Amino acid sequence: MNLKVSEVFYSIQGEGPWVGFPTFFVRLYGCNLACKWCDTPYAREGQNYKEMQSEEIVRIWKENYPEIPHVTITGGEPLLQEGVFRLMEDFLKKRAKVLLETNGSLSIENVPEEILVVMDLKTPSSGMESYNLYENLSFLKEKDALKFVIKDEADLDWSLKVIEKFNLLRRVTCFFSPCVPYMSPNRLAELLLGTKKPLRLQIQLHKILNLK
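Residues numbered from 1 in each chain as written. Predicted model: local features only at pLDDT ≥ 70, side-chain atom pairs only at ≥ 80, totals over all residues. Heavy atoms only, no water.

### Topic: helix α1 (residues 54–64)
Here is step 1: Of the residues making up α1, those classed as buried are Ser-54, Ile-57, Val-58 and Trp-61. Burial along α1 is one-sided: seen end-on, the buried residues are contained in an arc of 95°.
Here is step 2: Against the buried residues of α1 lie β1 (2–12), β2 (22–28), β3 (50–53), β4 (70–74) and α2 (84–93). (Buried < 20%, exposed > 50% of the residue type's maximum accessible area, 1.4 Å probe, protein only. Helix = DSSP H or I, 4+ residues; strand = E, 2+ residues; numbered from the N terminus. Arc of directions from axis to C-beta. Contact = heavy atoms within 4.5 Å.)

Now the structure itself:
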């Protein structure tokens, strides 16, 4: 089964639980959402992609980066393609440590347990809040993570209410990313400190380093 692939590349993981690790990235093509502040529009419909088989992708990683265990599968929205499950299994068979980035609108129920899931909950400023699939929260494990992109204080207030409603701080790490330039990292840090809750600030390290 072929996968539609926007790009494969090697870089520093700039976000989430594995921030800072050298990582092999597989960016799959296509997305079912249209966030107002999307930073990867080139992975959406109407843009270029190439078709690749799972074995070919894994071989590129294994032959070129044999000492790099970290693999991130991202998008677009990876779960749109049925072949992503084969891809995850093929990487796991080669003893990769695999992270899946997903927008939270499609079920993660069948994602292999070994996969580290980093899932978005879309805040109101994205325009995609209604697509959040809240039943996914029951499938997240302690090792997994939730990501909230914060454009303004209304986004933060909304996020805090969701966290309280679903008792998320006892179940999963919650990462908060500033939507630059609307929300500065400094301002978001101040707001998070003001909550006096164990919320984790993240900035996109790869962009600070001018990396992909």
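### Here we look at the pattern of salt bridges
Here is step 1: For the coordinates displayed, the defined rule picks out 10 salt bridges.
Here is step 2: Where Glu-55 meets Arg-86, a salt bridge forms, and the shortest distance between an N and an O atom there is 2.4 Å. Here the residue Glu-55 occupies a position in helix α1, and Arg-86 occupies one in helix α2, the gap between them amounting to 31 residues.
Here is step 3: A residue is classified by how much of its surface remains accessible, and Glu-55, at 37% relative accessible area, is partly exposed.
Here is step 4: Look at Arg-86 and you get partly exposed, because its relative accessible area is 45%.
Here is step 5: For Lys-143, the salt bridge goes to Asp-144, with nearest N and O atoms at 2.9 Å.
Here is step 6: Among the residues examined, Asp-144 registers a relative accessible area of 3% and is labelled buried.
Here is step 7: In the salt-bridge network here, residues are joined through shared partners; they are Glu-7, Arg-27 and Lys-212. (Salt bridge = Lys/Arg side-chain N within 4 Å of Asp/Glu carboxyl O.)

### Quick word on the sheet that holds β3
Here is step 1: One open sheet holds the 9 strands; their spatial order is β3-β1-β2-β4-β5-β6-β7-β8-β9, and the pairing between them is mixed. With one partner strand each, in any of the chains shown, β3 and β9 (200–201) form the two edges of the open sheet.
Here is step 2: Two elements, β2 and β4, share 4 bridges in a ladder whose sense is parallel. Paired with Arg-27 across the two strands is Thr-74, which belongs to β4.
Here is step 3: Across the face of the sheet, α1 comes into contact with β1, β2, β3 and β4 while running at roughly 85° to β3.
Here is step 4: Its contacts with the sheet place helix α4 (residues 185–195) against β7 (145–150), β8 (173–178) and β9, and it is angled at close to 145° to β8. (Pairing = 2+ DSSP bridges. Axes fitted to C-alpha atoms, helices over the stretch in contact; angles between N-to-C directions.)

### Thoughts on the packing of α1 against α2
Here is step 1: At a closest axis distance of 9 Å, the pairing of α1 and α2 adopts a crossing angle of 35°. Between α1 and α2 the crossing geometry is right-handed. Contacts between α1 and α2 involve Ser-54, Glu-55, Ile-57, Val-58 and Trp-61 from the first element and Arg-86, Leu-87, Asp-90 and Phe-91 from the second.
Here is step 2: Grouping the amino acids of the contact of α1 with α2 by side-chain chemistry returns 5 nonpolar, 1 polar and 3 charged. (Left-handed = near helix turned anticlockwise from the far one by under 90°. Nonpolar A, V, L, I, M, F, W, Y, C, P; charged D, E, K, R; others polar.)

### Digging into the layout of surface pockets
Sizing a probe to match a water molecule and rolling it over the atoms shows the empty space that remains.
Here is step 1: By volume, the largest pocket is sized at about 1000 Å³.
Here is step 2: Forming the walls of the largest pocket are 44 residues, and the residues nearest its centre are Glu-15, Asp-39, Thr-40, Lys-147 and Gln-204.
Here is step 3: Where the lining of the largest pocket is concerned, the elements lending two or more residues are β1, β2, β4, β5 (97–102), β6 (116–120), β7, β8 and α5 (205–208).
Here is step 4: Counted by class, the lining of the largest pocket contains 19 nonpolar, 14 polar and 11 charged residues. (1 Å grid on protein atoms, 1.4 Å probe; cavity = no way out; pocket = protein on both sides within 12 Å on 5 of 7 lines; lining within 4 Å. Points joined across faces, edges and corners; volume = space filled by probe spheres on them.)

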